[in-house]
Number of protein chains: 2
Amino acid sequence: MPKRIDHVAIIVRNIEQALVFYRDTLGIQPGEIKEVPSEQVRIAFLPMGGPGGSEIELIEPTSPDTSVAKALEKRGEGLHHICLEVENIDEALQEMRDKGAPVLDEQPRIAAEGRAIFLHPRGTNGVLLELIEKPE
Amino acid sequence: MPKRIDHVAIIVRNIEQALVFYRDTLGIQPGEIKEVPSEQVRIAFLPMGGPGGSEIELIEPTSPDTSVAKALEKRGEGLHHICLEVENIDEALQEMRDKGAPVLDEQPRIAAEGRAIFLHPRGTNGVLLELIEKPE
């Protein structure tokens, strides 16, 4: 059902500092750094593979109260979640519910890049998994 | 410098059990399950997005002595590493060394899908990062 890996997210303490490795050492040109006030984070995508290519997302918490900030405090910087693109997020939500997957959202949330739901790691072999429907 | 995300790897206790979610619930048709005796693991790729699409790799340790098995014991199932494809692994190795990145390999290792090097999480904001050159 998922069409592709949309992005893989890494939590970092500070995006500019992380770009010392990802941009300057590894050579990936990042997109614009964006504030996402609704999620209390700053984000930057590292595009690869041309249009349709899967990206790395850097996430920096801007408040200590979010799950992202708590994950950073508990486990340090590192991999946080995988996001898979689906055709229709409402159908995906219904199908995940029908199949007993542990969906964390009652309704799709408005994420930075589309409408999305998250699945709890207890039902996905330890991986926080985001499913997203992107606008055309 | 990296061309694309080749795969994102998830460590699992048992690949067949993990496919209950990834194949049966999520609907991704896996490739063949392969033994990799040199690494003491079994692996299966979950292809998405057509030719050139980034994949999820499921990794199951087959011996308790490897770093993969130790990661599983210490942290449980979950995200393990990201693999980025590069054009030329020898040049990438030299460039990473020149730039002071913590390369874990003296020479490229023969991985399941090509010649590869790993970078230690201490130089990559907490992410075990694989760079791979795939055969034409």
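Fair warning: this is a prediction, and the values are worked out from it, not measured in the lab. (Residues numbered from 1 in each chain as written. Chains lettered and ligands numbered in written order. Predicted model: local features only at pLDDT ≥ 70, side-chain atom pairs only at ≥ 80, totals over all residues. Heavy atoms only, no water.)

### Some details on the sheet that holds strand S6 (residues 109-111) of chain A
Residues and elements named next belong to chain A. Which entries qualify depends on this criterion: The pairing criterion for strands is at least two bridges between them, as found by DSSP. Secondary structure elements are defined from DSSP: runs of H or I of at least 4 residues count as helices, runs of E of at least 2 residues count as strands, and each element is numbered from the N terminus. Lines fitted to the C-alpha atoms define the axes, with helices restricted to the stretch that makes contact. Angles between their N-to-C directions range from 0 to 180 degrees.
An order of S2-S3-S4-S1-S5-S8-S7-S6 is seen for the eight strands of this open sheet, with the pairing classed as mixed. At either end of the open sheet lies a strand with only one pairing partner, and these are strand S2 (34-36) and S6. Going from strand to strand, the sheet's axes swing by 35° on average, the running direction of each strand aside. Sheet analysis places strand S7 (residues 114-119) next to strand S8 (residues 129-133), joined by five bridges and oriented antiparallel.

### Observations regarding helix H2 (residues 67-75) of chain A
Three or four residues apart is the spacing at which side chains of an α-helix point the same way, because the helix has 3.6 residues per turn. Residue and element names in this part refer to chain A. For clarity, the cut-off: For the exposure calls, accessible area comes from a 1.4 Å probe over protein chains only, and a residue counts as buried if that area is under 20% of its type's maximum, exposed if over 50%, partly exposed in between. Directions drawn from the helix axis to the C-beta atoms are what define this arc. Residues count as neighbours in contact if any of their non-hydrogen atoms are within 4.5 Å of one another.
Turning to H2, its buried residues are Val 68, Ala 69, Ala 71 and Leu 72. Taken around the axis of H2, the buried residues stretch over an arc of 160°, which confines them to a single face. Turned more than 90 degrees away from the buried face of H2 sit Ser 67, Lys 70, Glu 73 and Lys 74, all of them exposed. Lining the buried residues of H2 we find strand S1 (4-11), strand S3 (41-46), strand S4 (55-61) and strand S5 (78-85). Once H2 ends, the next one or two residues include Gly 76, with phi positive near 80°.

### What about the confidence of the model for chain A?
Any segment with low pLDDT has predicted coordinates that should not be analysed in fine detail. The condition that has to hold: The predictor attaches a confidence to each residue, and that confidence, scored 0 to 100, is pLDDT.
When pLDDT is averaged along chain A, the result is 96, and 100% of the positions lie at 70 or above. The ipTM assigned to the predicted complex is 0.96, against a pTM of 0.96.

### Topic: the interface of chain A and chain B
Accessible area lost during the coming together of the parts is what is often quoted as the interface size. Applicable threshold: By buried area we mean how much accessible surface two parts lose on assembly, using a 1.4 Å probe and totalling the loss over both. Whenever a carboxyl oxygen of Asp or Glu lies within 4 Å of a side-chain nitrogen of Lys or Arg, that contact is scored as a salt bridge. Whenever a nitrogen or oxygen atom comes within 3.5 Å of another N or O atom, the pair is scored as a polar contact, on the condition that within protein one atom can donate a hydrogen and the other can accept it, and that pairs from neighbouring residues in sequence are kept only if both atoms are in side chains. Throughout, the ten residues Ala, Val, Leu, Ile, Met, Phe, Trp, Tyr, Cys and Pro are labelled nonpolar, Asp, Glu, Lys and Arg are labelled charged, and all others, Gly among them, are labelled polar.
On the chain B side, the residues contacting the 42 residues of chain A number 42 residues. Of all residues in chain A, A:Leu26, A:Leu79 and A:Asn125 give up the largest surface area on contact with chain B, accounting jointly for 22% of the area buried on that side. Where chain A touches chain B, the interface holds zero salt bridges. Taken together, chain A and chain B are joined by 19 residue pairs in polar contact (both at pLDDT 80 or more). When residues of the side of chain A that touches chain B are traced back to their parent elements, those giving at least two are S1, helix H1 (15-25), S4, S5, helix H3 (89-98) and S8 of chain A. Here the side of chain A that touches chain B is built from residues that sort into 23 nonpolar, twelve polar and seven charged.

### Here's the deal with the sheet that holds strand S4 (residues 55-61) of chain B
Residue and element names in this part refer to chain B. Reading across from one edge, S2-S3-S4-S1-S5-S8-S7-S6 is the order of the eight strands in this open sheet, with mixed pairing throughout. Sheet topology places strand S2 (34-36) and strand S6 (109-111) at the edges, where each strand pairs with a single neighbour. Neighbouring strand axes in the sheet, compared pairwise and without regard to direction, differ in orientation by 35° on average. Direction of pairing for strand S1 (residues 4-11) relative to strand S5 (residues 78-85): antiparallel, over a ladder of seven bridges. Within the sheet, the bridge partner assigned to Ile 5 lies in S5 and is Leu 84. The sheet contacts of helix H2 (residues 67-75) involve S1, strand S3 (41-46), S4 and S5, and relative to S4 the element is tilted by about 90°.

### With respect to the nonpolar core
Here is the rule: Grouping buried Ala, Val, Leu, Ile, Met, Phe, Trp, Tyr and Cys residues that are joined through side-chain atoms within 4.5 Å yields what is termed a nonpolar core.
Formed by 60 residues in total, the largest nonpolar core has its most connected members in A:Leu58, A:Ile82, B:Leu58 and B:Ile82. Other than its neighbours up to four places away in sequence, B:Ile82 contacts A:Val8, A:Ile10, A:Ile56, A:Leu79, B:Ile5, B:His7, B:Val127, B:Leu128, B:Leu129 and B:Glu130.

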